[in-house]
Amino acid sequence: MNHATDPAPEALYSDHIVVLGEGRTADPAELGGKAARLHDMLTAGLPVPPAFCLTTRFFELFLEETGLAASLGDADARTARQRVLDAEMPTAVSDAVLAEYARLGRPRVAVRSSARKEDSAAQSFAGQYDTVLDVGGDAELLNAVKRCWASLWSDRAAVYREDESRSTLCEAIAVVVQEMVHTDVSGVLFTVDPVSARPHRMVVEACRGLGEGLVSGRVSSDYFVVDDRSLEVVEEQVRHKVTKCTRVAPGEIGVASVDSAFRNTPCMTHEELRELGETARRVREYYDAEQDIEWGVRDGSLFLFQTRPITTRPAAPAVGPVSPYVKPLSDKIEQGTLWSRMDIGEIFVGLMTPLGLSLARYYQRHVHLDCTEALGARVTGDSDLPMGYLQGHVYLNISYSSYVMAQCLPTRDQSRFTGRFVSEEVDLTDYENPFGAFPGGVTDALSSAFWLQMTMKEATDMVARSKRMVSARLYEYDRDRGLDLTRMSREELHPELNRRLDHFHDMHVGYMPYYIHAFGFYSVMAELCKKWLGDAGTNLQNRVKTDMSNLRTVDSAKEIWALAQTAKDQPRVMKIIDSEPLDGVRAALLDDEEGRAFWETHMVPFLRDHGTRGPQEMEITHPRWIDDPSYVIQMIRRFSADGFSAEEVLRRSSGHNDDSRDVLDQLPLPKRKILDGVISLYKTYSETRETTRMSMITSIWLVRNVVYEVGRRLVERGVLRDLDEVAYLDFEDIRSYLAGDTDEATAFDRAKIDEARRVHEYHKRLPEPPLTLVGGHDPATAVRPVPDIARLDGLGSSPGRVVGRARLIEDLVWQAGEFQEGEILVTRYTDATWTPLFAIAGGVVTDIGSMLSHSSIVSREFNVPSVVNTKHATQVINTGDLIVVDGDAGTVEVVED
């Protein structure tokens, strides 16, 4: 490397270090956008931590003295970045930096990039350049400075720049060295609502700990709206906050648990929000523009860390009820359609990301109608009609589905289908299906014949098909484990994705009859119990022993207990599991000879059987157990700490107090035979449903792997800032890109990604839409106060009565280790991934659910009293409350705060 012949003295460099808030007028060309704004705020007397800036000229002098200025001209981005990182910092440079650091008092600092166009009115460049937090010591500071300089050539910044030049010096970069404030609470404030056009609304998002957790979406936050005239808080959403970003070791920022006392309390008082709002008004007035402000509070003192102009303004939100339909239809149909998101496979539960919604739309267009045909419907209809979308939630069109399913003899009476999916929010007394009745005559005869043909085929093939599905799942799983997707070209990934989508199609079509018929026979069983047994039949269907101890969801809990027992028998293995951070346990085990033997002998087979489980399975942004085994590790820790054996949970899950035989023996022989037959069919379909469900969810995981390989490449090339942004992609854009039909810039346009993020954030702030609705839904009229009551009414879904302390669970991975045996699990909803907790729960309470939702089925299997569909349990009940759960009456009562 060629060095300049006359090294610059320290004084020359010192001339280009600016103490922010002192002396000169801020010039973004000299300080960069971020530092210039910090300088402005300090000059204006705003509460900004002390800082100094290494100007763009300081950087240019460094390049000249090291010879990098000449050598970077023809270098690509990665080469240029690496050369800056590898360069030895001249003595004059380091002396000047460290002298100013000493004048600052040598505190721990945050080192932040500040490019010339950063935080400008045209482009924000938010997140494009590097920031290094909690830096302490001379060597660490100098390395952090070089890292910020080198980020000028990061792929993500180059893509974001208008000229897309990766080696140009026209974007010379400055660096801010600012005293680090380890905040108690942090957040962002928008002086105008960024997701709607409502006037006079300042929006505040606040989280515990450092703001990096909020920016990255890794932690939950409270939401406040402050009127910018009166500074009164006019809206407030306090969320359950389990984790925070904080310093976990010197120089290391990570995620830690929030103290339980602060999880349900607001991050900010109204007085603190008033002070924050007043300060934000001063910033807005100073710049005469709406601002996006990053702030924090430490020991009651407010600090501002950054401000930038809001570069995009939202469109006005839709006014009035919004229809879930994906295309416009007649007013009669739109206003009369019954929609529901109750029990739609439990793979669509809850708010979904743009990527998850787009995969659901792919399923709707390419899979759902074939599933309908597999149930015996000859005419499957229009693929745009069976499903709809509202506020980021997926709905099933019950009106259209019942119309189509009327071709099938068991669902000829549409009320059987519509009644199954309706919550108490909708009264169907005078309801008329806008699609009418399915045509009779020849059409009806052909449809009946087709249904009989498909039913006979199902009866003869159901067992064999389940075996084929299990075999196909294991084959595709093993094949995926043997492939290295990172070595495939885009042209090779395209047919690989298509292969997986074909498997996705076949597994869903194969699974649907098991799923629907299990529901159907359960409903018949419940109806006969009520009709023939009266009071004695109340909840009998829940007590009927259907040998559900073989359910795969229950198997996963038993096998984790067995893993815990095995680990306890190997002290070295158990020490690694207990002592390492959750995200480091796998690597630590594999680095240890005994640990590696445990992993390969016990964990690998377990993950092959159960590892593709994950929350909201169609929401492919969620990692599965095989991708991130943290939850499994948490449960191994939890189960081993209790001192129970695997046999104990086996006895619990198979030790029902089953009085069903005594009740059934009261029936005359013909009726008893009929009910026994229905129970047997329910049992058969329930077992095959659970067996093949793993095949269905594994097919989703296989698609996820290709999607995230595309995401990894987009991050590497700088199109995405990080893998979290995969959530804002559209599945059809990914397919089009892999097929070569769309280039990278068009498929993954930054404006489109940012808009998807904005809409998703808007959906997160809205009140949750109803489980069932007719017509459309207007979120503006949907705000319902949480009842201030000590008793909640819901649906008793597993019999029994229990008194215990509540444990509110929001984040399953982080809180699983806190759950104590016998506590009452309180959460919004559950799916198969929650099963291991049921093995030690005293009872289960959920906001939403039905008799055949996951929490209900598994509660009955573990003989745990359960009440679901309480609507407000997670908002009324707090961790530690003493509550009574009555699974027979369907009530939950708080008897002691």
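What you see is a predicted model, and the numbers here were worked out from it, not measured in a lab.

(A) View of the overall build of the protein. The secondary structure content of the protein amounts to 33 helices and 25 strands. The buried share among the 897 residues of the protein stands at 58%. Within the protein, counting contacts between residues at least 6 apart in sequence, those at least 24 apart form 71% of the total. When the accessible surface of the protein is split by element, carbon and sulfur atoms take 50% of a total near 35800 Å².

(B) Summary view of the pattern of salt bridges. Under the definition given, this model contains 57 salt bridges. Between R81 and D130 there is a salt bridge, with its nearest N and O atoms 3.5 Å apart. With R81 in helix α5 (residues 77-86) and D130 in the loop between β3 (109-115) and β4 (131-135), the pair connects residues that are 49 residues apart, well separated along the chain. A relative accessible area of 24% places R81 in the partly exposed class. You can call D130 buried: its relative accessible area is 6%. Salt bridges here are not isolated pairs; linked through shared partners, they connect R479, D480, R481, E496 and R500.

(C) The side chain of T380, seen in detail. With respect to the element layout, T380 can be found in the loop between α13 (368-374) and β15 (387-390). In this structure T380 comes out as buried when scored by relative accessible area, which is 18%. If sequence neighbours within four positions are ignored, T380 has contacts with L369, T372, E373, Y400 and V404.

(D) Representation of unusual backbone geometry within the structure. Here the phi dihedral of R106 falls at roughly 50°; this positive angle occurs in a residue that is not glycine. Examined against the element boundaries, R106 turns out to sit in the loop between α6 (91-104) and β3. Of the residues examined, R106 reaches a relative accessible area of 43% and is grouped as partly exposed. With a phi angle near 45°, Q616 is a residue other than glycine that sits in the positive phi range. With respect to the secondary-structure elements, Q616 resides in the loop between α22 (593-610) and α23 (630-642). According to the relative accessible area criterion, Q616 is buried, its value standing at 8%.

(E) Quick peek at helix α29 (residues 750-765). Between its first and last C-alpha atoms α29 spans 23 Å; for 16 residues at 1.5 Å apiece the expected length is 22 Å, and the two agree. For α29, the full list of buried residues reads R750, I753, A756, R758, H760, H763 and R765. Put simply, D749 is the residue that caps the front of α29, since its side-chain oxygen is 3.2 Å from the backbone nitrogen of A751.

(F) Main features of the nonpolar core. Formed by 83 residues in total, the largest nonpolar core has its most connected members in F348, Y363, V394, M618, V707, F731 and F748. The biggest single contributor to this core is helix α17 (residues 490-533), with 12 residues. Excluding its chain neighbours within four sequence positions, the residues that come into contact with V394 are R341, I344, F348, M352, L357, A360, M387, G388 and Y389. Counting residues in each nonpolar core, the second largest holds 46 residues, with A567, W625, Y631 and V858 among its members.

(G) Representation of the sheet that holds strand β20 (residues 801-808) within the structure. Spatially, eight strands are ordered β18-β25-β24-β20-β21-β22-β23-β19 in an open sheet, and the strand pairing comes out mixed. Where the open sheet ends on each side, the last strands, each with one partner, are β18 (791-793) and β19 (795-798). Along the sheet, successive strands turn relative to each other by an average axial angle of 30°, direction set aside. In this structure, β19 lies alongside strand β23 (residues 866-868), joined through three bridges in antiparallel fashion. By the bridge assignment, L795 is partnered in β23 with V868.

(H) Just the sheet that holds strand β1 (residues 17-19), in detail. In space, the five strands of this open sheet follow the order β1-β2-β5-β3-β4, with antiparallel pairing throughout. Looking along the sheet, the strands with just one partner apiece sit at the ends: β1 and β4. The sheet shows a mean angle of 20° between the axes of neighbouring strands, taken without regard to direction. Of the pairings in the sheet, the one linking strand β2 (residues 51-54) to strand β5 (residues 173-179) comprises four bridges and is antiparallel in character.

(I) Spatial organisation of the packing of aromatic side chains. Under the counting rule described, the total for this entry stands at 22 aromatic pairs. Ring plane angle 50° and centroid distance 6.2 Å describe the contact between F59 and W153, whose orientation is recorded as tilted. Taken as a pair, F59 in helix α3 (residues 56-66) and W153 in the loop between α7 (138-150) and α8 (155-160) lie far apart in primary sequence, 94 residues in all. Given the relative accessible area of 0%, F59 is considered buried. Judged by centre distance (6.1 Å) and plane angle (10°), the ring pair of F606 and W625 falls under stacked. Placement of F606 in helix α22 and of W625 in the loop between α22 and α23 is noted, with a sequence separation of 19 residues between them. Aromatic ring contacts, followed pair by pair, group Y13, F58, F59, F62, W149 and W153 into a single cluster. Its guanidinium or amino end placed over the ring of Y708, R704 lies 4.3 Å from that ring's centre, counting from NZ or CZ.

(J) How the structure looks around the confidence of the model for the protein. Summing up the model confidence of the protein, the mean pLDDT is 86 and the portion of residues at 70 or higher is 88%. Within the protein, α8 has the poorest average pLDDT of any element, 50, and helix α27 (residues 731-739) the best, 98. Segment residues 120-127: pLDDT under 50, and 24 contacts once partners within four positions in sequence are set aside and those in other chains are kept.

(K) Quick look at the packing of helix α16 (residues 441-482) against helix α26 (residues 669-716). Contact geometry of α16 with α26 gives a least axis separation of 9 Å together with a crossing angle of 30°. It follows that α16 is roughly parallel to α26 by the angle criterion. Judged by the twist between their axes, the crossing of α16 over α26 is left-handed. Across the interface between the two elements, E458, M462, S466, M469, V470, R473, E476, Y477, D480 and R481 from α16 touch T684, Y685, T688, T691, T692, M694, S695, T698, W701, L702 and N705 from α26.

(L) Representation of the environment of L68 within the structure. Position of L68 among the secondary structure elements: in helix α4 (residues 68-71). Taking the C-alpha atoms as reference, L68 lies 8.7 Å from A80; in sequence the two are 12 residues apart.

Thresholds, definitions, all that
Residues numbered from 1 in each chain as written. Predicted model: local features only at pLDDT ≥ 70, side-chain atom pairs only at ≥ 80, totals over all residues. Heavy atoms only, no water. Helix = DSSP H or I, 4+ residues; strand = E, 2+ residues; numbered from the N terminus. Buried < 20%, exposed > 50% of the residue type's maximum accessible area, 1.4 Å probe, protein only. Contact = heavy atoms within 4.5 Å. Areas by Shrake-Rupley, 256 points an atom, 1.4 Å probe, with all protein chains shown as cover. Salt bridge = Lys/Arg side-chain N within 4 Å of Asp/Glu carboxyl O. Expected span 1.5 Å × (residues − 1). Polar contact = N/O pair within 3.5 Å; in protein donor to acceptor, adjacent residues only side chain to side chain. Core = buried A, V, L, I, M, F, W, Y, C linked by side-chain atoms within 4.5 Å. Pairing = 2+ DSSP bridges. Axes fitted to C-alpha atoms, helices over the stretch in contact; angles between N-to-C directions. Phe/Tyr/Trp six-rings, centres within 6.5 Å; stacked < 30°, edge-to-face > 60°. Lys NZ or Arg CZ within 6 Å of the ring centre and 35° of its normal. pLDDT = per-residue confidence, 0-100. Parallel < 35°, antiparallel > 145°, perpendicular 65-115°, else oblique. Left-handed = near helix turned anticlockwise from the far one by under 90°.

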